[in-house]
Amino acid sequence: MIVCSCNVLSDGAVRACLSGSPTGPRTPAQVYACLGCSPKCGRCARTIRSIMRVALDRVAHSCTAACTSTCSAVKAQKAEGEIAA
Ligand code: FES
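Residues numbered from 1 in each chain as written. Predicted model: local features only at pLDDT ≥ 70, side-chain atom pairs only at ≥ 80, totals over all residues. Heavy atoms only, no water.

### Some points on the overall build of the protein chain
In plain terms, the rule: By definition, any uninterrupted DSSP run of H or I lasting at least four residues is a helix, any uninterrupted run of E lasting at least two residues is a strand, and each is numbered from the N terminus. Throughout this description, buried means an accessible area under 20% of the type-specific maximum (1.4 Å probe, protein chains only), exposed means over 50%, and partly exposed covers the range between. By definition in these notes, contact holds between two residues if any of their heavy atoms fall within 4.5 Å. For the accessible areas, the method is Shrake-Rupley and the probe is 1.4 Å, while residue cover comes only from the protein chains on display.
Assigned secondary structure in the protein chain consists of four helices and two strands. Helices and strands in the protein chain line up, N terminus first, as β-β-α-α-α-α. Residues counted as buried form 31% of the 85 residues belonging to the protein chain. In the protein chain, 43% of the contacts between residues at least 6 apart in sequence involve partners at least 24 apart. A total accessible area of about 5100 Å² is found for the protein chain, and carbon and sulfur atoms account for 57% of it.

Right, here's the structure in full:
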């Protein structure tokens, strides 16, 4: 499904950009940069943020107790107030 009509970005492309690296994009702007484009109208930012939230939740829930203190995904969620600091 296309989530950004200005840049023709699919939800799969956004997810692919987010997975595989704990130091991957943590903001919609970083997702655009990762995919080699930049925001135009911004209508898709909420959708991209939602895809990111789900992806980060999956990462956080797959973490072991040993990595949570150093995990950048958990740190990002704490910074955004999504989980308790
Ligand atoms: S729909 Fe993504 S920038 Fe316009």
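### Topic: the environment of C4
Examined against the element boundaries, C4 turns out to sit in strand β1 (residues 2-4). Here the alpha-carbon distance between C4 and T47, two residues 43 residues apart in the chain, equals 8.6 Å. Among all residues touching C4, those that are not within four sequence positions of it are L9 and C44.

Taken by themselves, the reported measurements are silent on function.
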